[in-house]
Every structure is written in C-alpha cells, then in structure tokens.
Amino acid sequence: PRAREVALRPPPPLISVAYEDDHLAVVVKPAGLATTGAGGGGADLASRLAASLAPTPLPAALWRPRPVHRPDADTGGLVLVAKTRPALAALSEAVAGREVAFRFLAVAAGRPTGAGRVATPLDGRPALTEWRALGAAAGGETLVELRPVAPGAPHQLRRHMAAAGYPLLGDGRYGGSDRAGRGRD
C-alpha cells in the first residue's frame, strides 16, 4: 500500500475561561471572532471550545460544548456555554425568557448625556434598547452602556443608537465612523 500525505493543522488557539463546572462554562470571546458558522478549524468560537474546556463526566454530556447565545463577530465579551443537555435547555430558556441580562459597552459618536430609551420597531418586530452615557471620550465621543430590553432584530443596538443620532464608532454599516475600535452588538 502507498503512503498518503496528511496535512496537519495546528490546534486552534485556546479561549480564556472565566468560569467552568461540569454543566456549563462562561468564556471570553475576543472581538473579531465569529461565535459559530465560520467553517470550524478554529475559525470560530464554537470550534475552539472543546480544546479550551475540560470534558464533563456527566452522562448527559453534549457531544461538544455549545454557545447558548451568539454575539456578533465584532463583539467581544462573556459567552455562556452549555456542556450538558439539561444545561443547554435551562440556559436557552433563561436567555429566551429574558432572565439573563445582557449589557454592552460601546463608544458612540457625539455627546449623549444621561440615559435614554429607543423603542423603534426593527424588521416588523417591537424592539427596545436602553442606553446610559458613562463619560466623555476623546474626540467628541461618549462611552455608553447599552442594554437590549426587548430583542427585536439583528444589530439592534447598532441600529437603535444610529436612529437616536449617536452611531457607534467602528460601525460603518449604520453610520458610525470606521476609524475606531470595536463596540458593536
């Protein structure tokens, strides 16, 4: 028999783990990394989880750990990961039932002050975003905290802040300058 050449790939880079037990984990997704769907091989968060987390000994273990929610590729931060079927069901239900509160930090163009709400429907569905100015940044921008209260559509935070007149820096799609770093939802 003839020998076959096999192309070896280096293992995917590990993901930082903020918390882990036998049922679930909380990992730190870097900005610029897709959560899922980038073809595997370490190109997305989901494909890096098995190498980054300890296997669970529980009988209801998933074949591989799964992210419970899917932040956009440009968003960095904490992601809930299920390691067992019961954890996946419970965490998915908690996220869908709004028992998990998501908060995002971003830099917005302009000088919003105080706090506000944007209740503009998106894609034919109700959507509500709350924002709060945290402080002025250099160059006429403001650090804001964003909270999607009623989820409505993809890119809700980016679209709502642009509609309020304060597009997020780094968001060329909805009116923000491309000159700054990441802060998108």
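The structure we're discussing is the one just above.
Everything numeric in this text was worked out from a predicted model, so none of it was measured.

Analysis parameters
Residues numbered from 1 in each chain as written. Predicted model: local features only at pLDDT ≥ 70, side-chain atom pairs only at ≥ 80, totals over all residues. Heavy atoms only, no water. Pairing = 2+ DSSP bridges. Helix = DSSP H or I, 4+ residues; strand = E, 2+ residues; numbered from the N terminus. Axes fitted to C-alpha atoms, helices over the stretch in contact; angles between N-to-C directions. Contact = heavy atoms within 4.5 Å. Phe/Tyr/Trp six-rings, centres within 6.5 Å; stacked < 30°, edge-to-face > 60°. Buried < 20%, exposed > 50% of the residue type's maximum accessible area, 1.4 Å probe, protein only. Polar contact = N/O pair within 3.5 Å; in protein donor to acceptor, adjacent residues only side chain to side chain.

### Side note on the sheet that holds strand 8 (residues 141-150)
Here is step 1 of the chain: Here four strands make up an open sheet; going across it, the order is 5-8-7-6 and the pairing antiparallel. Only two strands of the sheet have a single partner each, and these edge strands are strand 5 (104-109) and strand 6 (115-118). The mean angle between the axes of side-by-side strands here comes to 35 degrees, regardless of whether they run parallel or antiparallel.
Here is step 2 of the chain: Sheet topology note: the strand 5/strand 8 ladder contains six bridges and is antiparallel. Of the residues in strand 8, the one forming a bridge with Val107 is Leu143.
Here is step 3 of the chain: The sheet contacts of helix 3 (residues 156-163) involve strand 5, strand 6, strand 7 (128-137) and strand 8, and relative to strand 8 the element is tilted by about 120 degrees.

### Description of the packing of aromatic side chains
Here is step 1 of the chain: Following the criterion strictly, the structure yields one aromatic pair and no others.
Here is step 2 of the chain: Aromatic pair Trp131 and Tyr166: ring centres 6.1 Å apart, planes at 55 degrees, arrangement tilted. With Trp131 in strand 7 and Tyr166 in the segment after helix 3, this residue pair connects regions lying 35 residues apart in the sequence.
Here is step 3 of the chain: By relative accessible area, Trp131 is classed as buried at 11%.
Here is step 4 of the chain: In this structure Tyr166 comes out as partly exposed when scored by relative accessible area, which is 23%.

### Here we look at the environment of Thr129
Here is step 1 of the chain: Summarising the element assignment, Thr129 is placed in strand 7.
Here is step 2 of the chain: Look at Thr129 and you get buried, because its relative accessible area is 0%.
Here is step 3 of the chain: Residues Thr129 and Arg117, spaced twelve residues apart in sequence, show a C-alpha to C-alpha distance of 5.6 Å.
Here is step 4 of the chain: Setting aside its immediate chain neighbours within four residues, Thr129 contacts Gly116, Arg117, Val118, Arg147, Val149, Gln156, Leu157 and His160.
Here is step 5 of the chain: Of the polar contacts made by the side chain of Thr129, one reaches the side chain of Gln156; its length is 3.0 Å.

Function cannot be inferred from these measures alone, as they are strictly geometric.
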